[in-house]
Amino acid sequence: MDKYKVRNNVRKLRFNHDEITQEQLAEKVGVTRQTIIAIEGGKYAPSLELAFKIALVFGVPLQEVFSYELEGNEK
Amino acid sequence: MSYQEKSIAVSLVSHLLIVVYYLVNLFEMQQTGGLVSTKVFSLWAIVIVSTIIVNIIGNILTNILLSIVHAIKTRSEHVEKFIEDERDKLIGLKGSKVSYIAFSLGVLASMLTFAFGQPPLVMFSLLILSSILGEIIGDISQLYLYQKGF
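Residues numbered from 1 in each chain as written. Chains lettered and ligands numbered in written order. Predicted model: local features only at pLDDT ≥ 70, side-chain atom pairs only at ≥ 80, totals over all residues. Heavy atoms only, no water.

Describing the packing of aromatic side chains
For the structure on display, the rule yields 4 aromatic pairs over all chains. Between the aromatic rings of Tyr4 of chain A and Tyr68 of chain A, the centroid separation amounts to 5.3 Å while the plane-to-plane angle is 25°, which identifies the pairing as stacked. With Tyr4 of chain A in strand S1 (residues 4-8) and Tyr68 of chain A in strand S2 (residues 66-70), this residue pair connects regions lying 64 residues apart in the sequence. Accessibility expressed as a relative area gives 41% for Tyr4 of chain A, which makes it partly exposed. On the basis of relative accessible area, Tyr68 of chain A is assigned to the exposed category, the value being 59%. Considering the side-chain rings of Tyr44 of chain A and Phe150 of chain B, the 5.6 Å spacing of their centres and the 65° angle between planes classify their relative orientation as edge-to-face. (Phe/Tyr/Trp six-rings, centres within 6.5 Å; stacked < 30°, edge-to-face > 60°. Helix = DSSP H or I, 4+ residues; strand = E, 2+ residues; numbered from the N terminus. Buried < 20%, exposed > 50% of the residue type's maximum accessible area, 1.4 Å probe, protein only.)

Shown next as structure tokens:
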């Protein structure tokens, strides 16, 4: 069975969004900086609620922040 | 290392010290032929009370100490918010699950010793040991999850 993974553009969107820091983003969405680091590093797939909060901060649709792709299909 | 990881590391070291203390004392008692119920019961009491103190008060003290260290390092009046977010809670739950599985296996092993004719003291000693080892294994699994992700 093919293995899928949650991927994200959080780091890129942070830089495009007035270069906000991980700490600032963490504070806006109510998590720790370590959680943002883990999300950006692909070590943690956030809950639906947290994913929506992050998308809301950047003002973009959810699918522009997160995607569900086959492992090995890195852009 | 995040605050949560530091807290778990402190808890792990404390539990390791408790288990070493327990095993050393148990071994000494066995060597000197002093493995009698009164001495073993007092050893269990010390271990159980120490584990409770480590789990409850250890967390509070770690929080206070880390706040002080952070204030000294950053020379800032800003109080670091040590919040427990969804990832911390999830890792905590997974760690608890691993702890319970380890403890359950320890209970099974202790029952088997009794079933194979060992005295009750051996069964209860193994029970206490498996409870602390369960905590240790849970702590290690949490640290692993923080490092490797899931």
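Once the structure has been displayed, the description carries forward.
Here's the deal with the confidence of the model for chain B
Residue and element names in this part refer to chain B. Summary statistics for chain B give a mean pLDDT of 85 and a share of 93% for residues scoring 70 or more. At the low end of the mean pLDDT range in chain B sits helix H2 (residues 37-74), at 79; at the high end sits helix H3 (residues 86-115), at 95. For this predicted complex, the interface confidence reaches an ipTM of 0.85, while the overall pTM sits at 0.83. (pLDDT = per-residue confidence, 0-100.)

Concerning a nonpolar patch on the surface
Residue and element names in this part refer to chain B. Taken together, the side chains of Ile48, Val49, Ile52, Ile53, Ile56, Ile57, Ile60, Leu61, Ile64, Leu65, Ile68 and Ile72 make up a nonpolar region of the molecular surface, amounting to roughly 1,100 Å² of accessible area. With respect to the helices and strands, Leu61 occurs in helix H2. Judged by relative accessible area, Leu61 falls into the partly exposed class, the value being 48%. (Patch = residues over 30% accessible without salt bridge, like charges linked within 9 Å, V, L, I, M, F, W, Y side chains within 5 Å. Areas by Shrake-Rupley, 256 points an atom, 1.4 Å probe, with all protein chains shown as cover. Salt bridge = Lys/Arg side-chain N within 4 Å of Asp/Glu carboxyl O.)

A few points about the pattern of salt bridges
All names here are of chain A. Summed over all chains, the structure comprises 4 salt bridges over all chains. Among the salt bridges present, the one from Arg14 reaches Glu40, with a minimum N-O distance of 2.6 Å. Separated by 26 residues along the polypeptide, Arg14 in helix H1 (residues 10-16) and Glu40 in helix H3 (residues 33-40) bring together distant segments of the chain. As far as burial versus exposure is concerned, Arg14 and Glu40 are alike and both buried. Each of Arg11, Arg14 and Glu40 takes part in one network of salt bridges that share partners.

Concerning the side chain of Thr35 of chain A
With respect to the helices, strands and loops of the structure, Thr35 of chain A is situated in helix H3. The class of Thr35 of chain A is buried, set by a relative accessible area of 0%. Engagement of the side chain of Thr35 of chain A in a polar contact is seen with the side chain of Thr32 of chain A, the distance being 3.0 Å. In contact with Thr35 of chain A, other than residues within four places in its own chain, are Tyr44 and Leu50 of chain A together with Asp85 and Arg87 of chain B. (Polar contact = N/O pair within 3.5 Å; in protein donor to acceptor, adjacent residues only side chain to side chain. Contact = heavy atoms within 4.5 Å.)

Some remarks on helix H2 (residues 22-29) of chain A
Residue and element names in this part refer to chain A. Buried residues of H2: Gln22, Leu25, Ala26 and Val29, and no others. All buried residues of H2 project into a common sector of 100° when viewed along the axis, lining one side. Opposite its buried face, H2 presents the exposed residues Glu27 and Lys28, each directed more than 90 degrees away. Looking one or two residues beyond H2, the residue adopting positive phi is Gly30, at roughly 80°. (Arc of directions from axis to C-beta.)

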